[in-house]
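# Chains, contacts and geometry: an overview
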Amino acid sequence: MNMSSQAAWSRIELIQPASDSVCPHERSGHRVVIDEGNLYVLGGYNPDVVDSDVEDEEELCKRIFVQMWRFNLFFRRWTELQMTGDIPQYLASHSASLHGNTLLTFGGSGIPFGTRSSQYIHMCHLHPSSTSVCWKKLPSLGKVPQRKYGQCQLYQWPYLYIVGGTTGFIYNSDVHRFNLQTGEWTCLWDSLYNEEMYQKSPTGRYRHEMVLHQKQLLMFGGGQALAAFPLDKIPYFDLVECVWKEHQTTPDLFEGEGDGDHSKGAPAPRRCHSCVLHNNAVYVFGGRDLRPQGDLWRLSLETWHWTCLLPASSSPLHCYFHAAAVTASGSMYVFGGVTWPDEGGEEEEERRNHNVYRVRLTVPPLQELVWDSLSDSLRSLHSPALPTRLLHAGVPRHFIQRLAF
């Protein structure tokens, strides 16, 4: 697919929830996971839910949302899921990933940032027909990572990899591996206390993004309190040799019309962005350095060439501390985050949001387009009898399984 045809699909579309749906509070620092039928939101932070002059510690903790919400993509309805068991409490800038119907989360911060954080893995199972989840804290053996937040996690059975993050004061590029079968941690790379490893490490960071590709943990951007790191070179951790290396990318040579970020040929340095992997390509959206970004970039993992699909000057959404996830059919959903006010608009300050946006990263399969059209016609029929009616009408079962009541 050439750049112009793909860019034509890569527009940002606001997904309005059903008019009678409850909605989660505006937030940032949350994480999202997705299957073909539902978007799940875990945690988040909003300082405005508690008055700024409140000093009571218990009240201040309410700025962290110890919540999980489910957004059904067909009915466009939100449901808050009741959480039981060993519920994770530090749910700001934690990491999370979905494997089948198993959700895993690690670390995260509480209030105040830098003084309360987690070093545990929590697990639960997601069921589209259930309105509750039961959490379990996994036992930990071996060299457990320090308490931290802003790290990334990646999964390849039977291992969960935790990379980077911060204590709130110290940033690292450590690599830890957790064996989900034995419950044992192994430190593969110690960037803080091993001088030789420190010299060969990418700069310690948090709120970077990573993907797993051919036994390589690829790192995109990230930063520290007053810094953001570039994306023209991609640090990666080689799982075979257990050492950090680096990929050199090639720039997009297309010159955008007056768009400074675009004409550089690669995404500007950023942290607190989102990043998804689809069809052997990585898509980077938003984030911030000096100001929030709204551009969308594609990096081919075959050619290591950057392509700007949506320059910042053409984007309706500039945000950071948001979260994104992609379906198997190539629809990326973005939720929440801190948004930049429109120029000339009524808003004068950055603010958090609770909007859902969709970006089609590739031309959808014909079946998906037909399902979308059908969804628009049937969305108002929120009835338990609808799945049976659709099945009798010949709709494939895997589409019907996306419905949730």
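Above this text sits the structure in question.
First, a word on what this report is: a plain description of the structure on this page. Just so we're clear, the structure is a prediction, and the values are computed from it rather than from any experiment. (Residues numbered from 1 in each chain as written. Predicted model: local features only at pLDDT ≥ 70, side-chain atom pairs only at ≥ 80, totals over all residues. Heavy atoms only, no water.)

## Some remarks on the overall build of the protein chain
Formally: Helix and strand assignments come from DSSP, with helices taken as H or I runs of at least 4 residues and strands as E runs of at least 2, each series counted from the N terminus. For the radius of gyration, the atom set is restricted to C-alpha positions; the globular benchmark scales as 2.2 Å times the number of residues to the power 0.38. Whether two residues touch is decided by their heavy atoms; if any such pair falls within 4.5 Å, the residues are in contact. For every accessible area listed, the method is Shrake-Rupley and the probe measures 1.4 Å; residues are considered covered only by the protein chains on display.
Per the secondary structure count, the protein chain includes seven helices and 30 strands. Against the globule reference of 22 Å for 405 residues, the protein chain gives a C-alpha radius of gyration of 21 Å, in line with a compact fold. Projected onto its principal axes, the C-alpha coordinates of the protein chain cover approximately 65 × 55 × 50 Å. The contacts of the protein chain with a sequence gap of at least 6 include a subset with a gap of at least 24, amounting to 58%. Looking at the protein chain as shown, the accessible area adds up to about 18,000 Å², and 49% of this sits on carbon and sulfur atoms.

## Focus: the packing of aromatic side chains
The geometry of an aromatic ring pair is captured by two quantities: the separation of the ring centres and the angle between the planes. The condition that has to hold: The criterion for an aromatic pair is that two Phe, Tyr or Trp rings (for Trp, the six-membered ring) have centres within 6.5 Å, with stacked assigned to planes under 30 degrees apart, edge-to-face to planes over 60 apart and tilted to the rest. Partly exposed residues are those whose accessible area sits between 20% and 50% of the maximum for their type, while under 20% is buried and over 50% is exposed, using a 1.4 Å probe and protein chains only.
A complete count under the given rule lists 18 aromatic pairs for this structure. Ring plane angle 40 degrees and centroid distance 6.4 Å describe the contact between Phe113 and Tyr149, whose orientation is recorded as tilted. With Phe113 in the loop between β7 (102-106) and β8 (121-125) and Tyr149 in the loop between β10 (141-142) and β11 (152-156), the pair connects residues that are 36 residues apart, well separated along the chain. Given the relative accessible area of 37%, Phe113 is considered partly exposed.

## Let's talk about the pattern of salt bridges
Heads up, the condition is: Salt bridge, as applied in this entry: a Lys or Arg side-chain nitrogen positioned within 4 Å of an Asp or Glu carboxyl oxygen.
Tallied over the full model, the rule gives 13 salt bridges. Lys200 is the partner of Glu196 in a salt bridge, and the nearest nitrogen-oxygen pair spans 3.5 Å. Residue Glu196 is classed as exposed on the basis of its relative accessible area, which comes to 55%. Put simply, Lys245 and Glu241 hold a salt bridge, and the shortest N to O gap is 3.0 Å. The network of salt bridges with common partners includes Glu13, Arg358, Arg360 and Asp372.

## Let's talk about the sheet that holds strand β14 (residues 184-189)
The strands that make up a sheet are held in pairs by hydrogen bonds between backbone atoms, and each pair lies either parallel or antiparallel. Worth spelling out the cut-off: Should DSSP find at least two bridges between two strands, the strands are taken to pair.
Across the sheet, five strands lie side by side as β10-β14-β13-β12-β11; this open sheet has mixed pairing. The open sheet has two edge strands, β10 and β11, and neither has a second partner. The pairing of strand β13 (residues 171-179) with β14 spans five bridges and is classified as antiparallel. Paired with Phe178 across the bridge in β14 is Trp185.

## Regarding the pairing of β7
Counting buried positions along β7 yields five of five residues, so the element is predominantly enclosed. Judged by which residues are buried, β7 turns out to be covered on both faces: Thr102, Leu104 and Phe106 on one side and Leu103 and Thr105 on the other are all buried. Strand direction decides the pairing type here: strand β6 (residues 95-99) and β7, joined by five bridges, are antiparallel. By the bridge assignment for β7, Ser95 is matched with Phe106. Remark: two residues form the turn of the hairpin made by β6 and β7, two consecutive strands paired antiparallel; Gly100 in that turn has positive phi of roughly 65 degrees. The pairing of β7 with β8 spans five bridges and is classified as antiparallel. Of the residues in β8, the one forming a bridge with Thr102 is His125.

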